[in-house]
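So the chains spell out like this:
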Amino acid sequence: MSFVNYATREINCKVVYYGPGLSGKTTNLQYIYARTNPQTKGKMVTLATENERTLFFDFLPLAIGPIRGFNVRFHLYTVPGQSYYDVSRRLILKGVDGIIFVADSQLHRMDENLESLSNLKNNLSDQGYEFKNLPHILQYNKRDLANAVPFLDKENPFG
Ligand SMILES: Nc1nc2c(ncn2[C@@H]2O[C@H](COP(=O)(O)OP(=O)(O)OP(=O)(O)O)[C@@H](O)[C@H]2O)c(=O)[nH]1
Ligand SMILES: [Mg+2]
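What you see is a predicted model, and the numbers here were worked out from it, not measured in a lab.

1. Side note on the pairing of strand 4 (residues 54–67)
Phase 1 of the analysis: Of the strand pairs in this sheet, strand 3 (residues 45–48) and strand 4 are connected by three bridges, and their pairing is antiparallel. If you follow alanine 48 over to strand 4, its bridge partner there is threonine 54.
Phase 2 of the analysis: Counting the residues that bridge the hairpin from strand 3 to strand 4 gives five residues, and of these glutamate 52 lies at a positive phi of roughly 70 degrees.
Phase 3 of the analysis: Relative to strand 5 (residues 70–78), strand 4 runs antiparallel, the two sharing nine bridges. Paired with proline 61 across the two strands is histidine 75, which belongs to strand 5.

As structure tokens, this is what we get:
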């Protein structure tokens, strides 16, 4: 549930980009940052290694304007996809309102996609959430690459 502050008339929604390493989570935030009106966005915070792998998280606050007198803010986060940063992923999931799972469409990345999805489901259930009850989007990224797998089952390819 998004956080509604009646005193300050604000609604805050936390959206987390999840997925395997190098699937394109940080690129999503960079793209949104580059395309949004300067008055809408706050400062983008990135904690990355020298070779641009996410070390802890990326964070981008967006203020999309008022809805029925409440100022609505989206807080976009990415997690580090590399498997050994699981403690960080669990911390970033706290208080999540929605997930965008960024899958890498390349055939040789399928095992990593499934492993990351299973890791997401486990980390959510450890915190009392259920993936199927949480608003989520499956983003099939890297469709431009020659080795992207064809789209087979539009309903639920990850099962
Ligand atoms: N061809 C292609 N490359 C992409 C696409 N999206 C992202 N990339 C590239 O994939 C690489 C990894 O992207 P990142 O956004 O850093 O990946 P990440 O998911 O944040 O990776 P971690 O921080 O390690 O979890 C970069 O070189 C991006 O430019 C895409 O749709 N197509
Ligand atoms: Mg990243």
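2. A look at the site of ligand 1
Phase 1 of the analysis: Near ligand 1 there are 19 residues, and of these Gly24, Thr26, Thr27, Thr54 and Gly81 occur at the shortest range.
Phase 2 of the analysis: Counted by class, the shell around ligand 1 contains three nonpolar, 11 polar and five charged residues.

3. Quick notes on the nonpolar core
Phase 1 of the analysis: Formed by 19 residues in total, the largest nonpolar core has its most connected members in Val16, Tyr17, Tyr18, Leu76 and Phe101.
Phase 2 of the analysis: Secondary-structure elements contributing two or more residues to this core are strand 2 (10–18), strand 4, strand 5, helix 2 (86–93), strand 6 (98–104) and helix 3 (110–126).
Phase 3 of the analysis: Apart from residues lying up to four places away in sequence, phenylalanine 101 is in contact with Tyr18, Gly19, Leu117, Leu120, His136, Leu138 and Gln139.

4. Description of the confidence of the model for the chain
Phase 1 of the analysis: The share of residues in the chain with pLDDT of 70 or more is 95%, and the mean pLDDT across the chain is 93.
Phase 2 of the analysis: Per-element averaging of pLDDT across the chain places strand 1 (residues 3–5) at the bottom with 87 and strand 6 at the top with 98.

5. Focus: helix 3
Phase 1 of the analysis: The end-to-end C-alpha distance of helix 3 is 24 Å, a good match for the 24 Å that 17 residues give at a rise of 1.5 Å each.
Phase 2 of the analysis: Among all positions in helix 3, only Asn113, Ser116, Leu120, Asn123 and Leu124 are buried. Across the axial projection of helix 3, the buried residues extend over an arc of 100 degrees, all falling on one side. Residues Asp111, Glu115, Ser118, Asn122, Ser125 and Asp126 are exposed on helix 3 and point more than 90 degrees away from its buried face.
Phase 3 of the analysis: Looking at the packing, one finds that the buried side of helix 3 touches strand 2, helix 2 and strand 6.

6. What to know about unusual backbone geometry
Phase 1 of the analysis: Unlike most non-glycine residues, glutamate 52 shows phi in positive territory, near 70 degrees.
Phase 2 of the analysis: In this structure, glutamate 52 sits in the loop between strand 3 and strand 4.
Phase 3 of the analysis: Judged by C-beta crowding, with 11 C-beta atoms within 10 Å, glutamate 52 ranks as exposed.
Phase 4 of the analysis: With a phi close to 45 degrees, arginine 68 is a non-glycine residue in the positive phi region.
Phase 5 of the analysis: Along the chain, the position of arginine 68 falls in the loop between strand 4 and strand 5.
Phase 6 of the analysis: The class of arginine 68 is exposed, set by 7 C-beta atoms lying within 10 Å.

7. Brief notes about the packing of helix 2 against helix 3
Phase 1 of the analysis: Following both chains from N to C, one finds helix 2 and helix 3 inclined at 55 degrees, their axes separated by 10 Å at the closest point. Relative to helix 3, helix 2 is oriented oblique. Crossing of helix 2 against helix 3: the hand is right-handed. Side by side, helix 2 and helix 3 meet where Asp86, Arg89, Arg90 and Leu93 of the first sit next to Asn119, Asn123 and Leu124 of the second.
Phase 2 of the analysis: Here the contact of helix 2 with helix 3 is composed, by residue class, of two nonpolar, two polar and three charged.

Basis of the calculations
- Residues numbered from 1 in each chain as written.
- Chains lettered and ligands numbered in written order.
- Predicted model: local features only at pLDDT ≥ 70, side-chain atom pairs only at ≥ 80, totals over all residues.
- Pairing = 2+ DSSP bridges.
- Helix = DSSP H or I, 4+ residues; strand = E, 2+ residues; numbered from the N terminus.
- Near = placed C-beta within 6 Å.
- Nonpolar A, V, L, I, M, F, W, Y, C, P; charged D, E, K, R; others polar.
- Core = buried A, V, L, I, M, F, W, Y, C linked by C-beta atoms within 7 Å.
- Buried ≥ 20, exposed ≤ 12 C-beta atoms within 10 Å, placed from the backbone.
- Contact = placed C-beta atoms within 7 Å.
- pLDDT = per-residue confidence, 0-100.
- Expected span 1.5 Å × (residues − 1).
- Arc of directions from axis to C-beta.
- Axes fitted to C-alpha atoms, helices over the stretch in contact; angles between N-to-C directions.
- Parallel < 35°, antiparallel > 145°, perpendicular 65-115°, else oblique.
- Left-handed = near helix turned anticlockwise from the far one by under 90°.

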